[in-house]
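Coordinate inspection notes
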Amino acid sequence: MGNGEKKRVLILTADAGFGHRSAANAVDMALKQKYGDLVETIVVNPLDDRRTPFFLRDSQADYDRLVRRVPELYKLGYDASDTIITSAIVESAFTVLLYEVMLDLVRETQPDVIITTYPMYLSPLEAIFIMFGRDIPLLTVVTDLATVHRMWFNKAVDACLVPNEIVRDLAINYGLSPEQVYITGIPVNPALNRREGRDKLSLRRALGWREDLTTVLAVGSRRVDRLLDSLNVLNHFGAPLQLAVVAGKDENLYAQLQEVEWHVPVHLYEFVTNMPDMLLAADCVMTKAGGLIVTESLAAGCPMMLIDVIPGQETGNAELVVRGGAGDLARSDLEVLEVMAHWLMDDRRLLQERAQNAAAMGRPQAAFEVADLAYQFALRGPVRHRHLFTRRTLIDLFNRNQVRWSRTGDLSTLSQSEDQSS
């Protein structure tokens, strides 16, 4: 394919939480804005394929229930799988379970470059490359800010795109070469770009919010505990505040919010699609330490009051925010009161300092940096990599698990014969 022709970009994601899908959508938007007719993007969640085993499909919904009801069990499973031996077993399992789905997807889309925002697809893709003796440029977008599972760091990738120096060092420690690792930030909606010049007051007018009050954006979901209790503190805080509360598709929470006797101006939303505008319009955000909301808040320069931290990767997110001075932890009603009181003292001096620190840490251009790298790799074309497994090893694995690996047809126009061995 010549460099002047349209490049096809396959973006793989998942719906275990909001972060993977949000990052994929952000890269999709950035590619279309930056490159227009030069690219064709396809965003797919392979776990939704009807041939994907039901327990993998259901795991996306189970994620919500697990992290809320038994967070310590979730942390135990996360930590237990983050070892060399256990990760190898899990990666082999995903290779067996997803190989056929992923192979058909690659054949149908014929991508010039593949971007994945979910780590479980890396091993099946590596197996496809080995079996066909040819690679497709592969980029991983890591969607965790500090505590990152080793399965994100597959050596078969052309580029591992990480949020910061902490994760870059972790990637290299897990065996990636420095040349494979790029610091881009986590992709966020391009609308969070503060350089577009949209000021808080104009955004508040458009949202129907008062312009003269300190505005707290509270973001909930089915995975956020204590939001109602924390809001009750602010509802009786005494200082002039305005609340904007997003229930995040939690119908029960939204119903409870409507029953509250509010003593401050409040705006209630069950679900929104304009979160970038809200973050840019607010003075601070009250939420849990999820990777998506933390990343978006930093990109918007919006300081955070973190009222909930799921053990595991969110622990690192919270530590990053607090250490960087971009927010504070408030794990009890008293701490919510203390944080807000400290923020508003001396004409909101500390709140403004937190906002400056958040803006310094944020990377609102991340999606465009990822888009640029993806387009460059699509132009460059495939480069053969050294892989951990041989073709014979994979054939033995597939035969033992009754996976149909022998098929006719090419992986792409650049593929070599299926009969080639490694």
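Look a little higher up for the structure.
The following refers to the structure shown. This is a predicted model, so every value here is computed, not measured.

About the criteria used
Residues numbered from 1 in each chain as written. Predicted model: local features only at pLDDT ≥ 70, side-chain atom pairs only at ≥ 80, totals over all residues. Heavy atoms only, no water. Axes fitted to C-alpha atoms, helices over the stretch in contact; angles between N-to-C directions. Helix = DSSP H or I, 4+ residues; strand = E, 2+ residues; numbered from the N terminus. Parallel < 35°, antiparallel > 145°, perpendicular 65-115°, else oblique. Left-handed = near helix turned anticlockwise from the far one by under 90°. Contact = heavy atoms within 4.5 Å. Nonpolar A, V, L, I, M, F, W, Y, C, P; charged D, E, K, R; others polar. Phe/Tyr/Trp six-rings, centres within 6.5 Å; stacked < 30°, edge-to-face > 60°. Buried < 20%, exposed > 50% of the residue type's maximum accessible area, 1.4 Å probe, protein only. Lys NZ or Arg CZ within 6 Å of the ring centre and 35° of its normal. Salt bridge = Lys/Arg side-chain N within 4 Å of Asp/Glu carboxyl O. Pairing = 2+ DSSP bridges.

Things to note about the packing of helix H1 (residues 19-35) against helix H14 (residues 366-380)
Between H1 and H14, whose axes approach to 8 Å, the crossing angle comes to 70 degrees. Our classification of the angle between H1 and H14 gives roughly perpendicular. Between H1 and H14 lies a crossing whose hand is right-handed. Here Ala 26, Val 27, Ala 30, Leu 31, Gln 33, Lys 34 and Tyr 35 of H1 lie close against H14, whose contacting residues are Ala 367, Phe 368, Val 370, Ala 371, Asp 372 and Tyr 375. Broken down by class, the residue content of the contact of H1 with H14 amounts to 10 nonpolar, 1 polar and 2 charged.

Describing the packing of aromatic side chains
Counted under the stated rule, the structure contains 4 aromatic pairs. Geometrically, the ring pair formed by Phe 153 and Tyr 174 is tilted, given 5.6 Å between the ring centres and 35 degrees between the ring planes. A residue pair is termed long-range when its members are at least 10 positions apart, and Phe 153 in the loop between strand S4 (138-141) and strand S5 (159-162) and Tyr 174 in the loop between helix H6 (165-173) and strand S6 (181-183) qualify at 21 residues. Given the relative accessible area of 6%, Phe 153 is considered buried. The aromatic ring of Phe 271 is capped on one face by Lys 249, whose charged end is 4.6 Å from the ring centroid.

Things to note about the pattern of salt bridges
Under the definition given, this model contains 18 salt bridges. Between Arg 21 and Asp 15 there is a salt bridge, and its shortest N-O distance comes to 2.9 Å. According to the relative accessible area criterion, Asp 15 is partly exposed, its value standing at 29%. In this structure, the salt-bridge partner of Asp 212 is Arg 210, at a minimum N-O distance of 2.8 Å. Connected via shared salt-bridge partners are Asp 328, Asp 346, Arg 349, Glu 353 and Arg 354.

Here's the deal with the sheet that holds S5
One open sheet holds the 6 strands; their spatial order is S2-S1-S3-S4-S5-S6, and the pairing between them is parallel. Of all the strands in the sheet, just strand S2 (39-44) and S6 have a single pairing partner and so form its edges. Each neighbouring strand pair of the sheet contributes to a mean axis angle of 20 degrees, computed without reference to strand direction. Across 3 bridges, the pairing between S5 and S6 is parallel.

Focus: the packing of helix H8 (residues 227-235) against helix H13 (residues 333-361)
As a packed pair, H8 and H13 sit with axes 9 Å apart at the nearest point and diverge in direction by 45 degrees. By the angle between their axes, H8 is oblique relative to H13. Classified by chirality, the crossing of H13 by H8 is right-handed. Of H13, the residues touching H8 (which contributes Asp 229, Ser 230, Val 233 and Leu 234) are Asp 333, Val 336, Leu 337 and Met 340.

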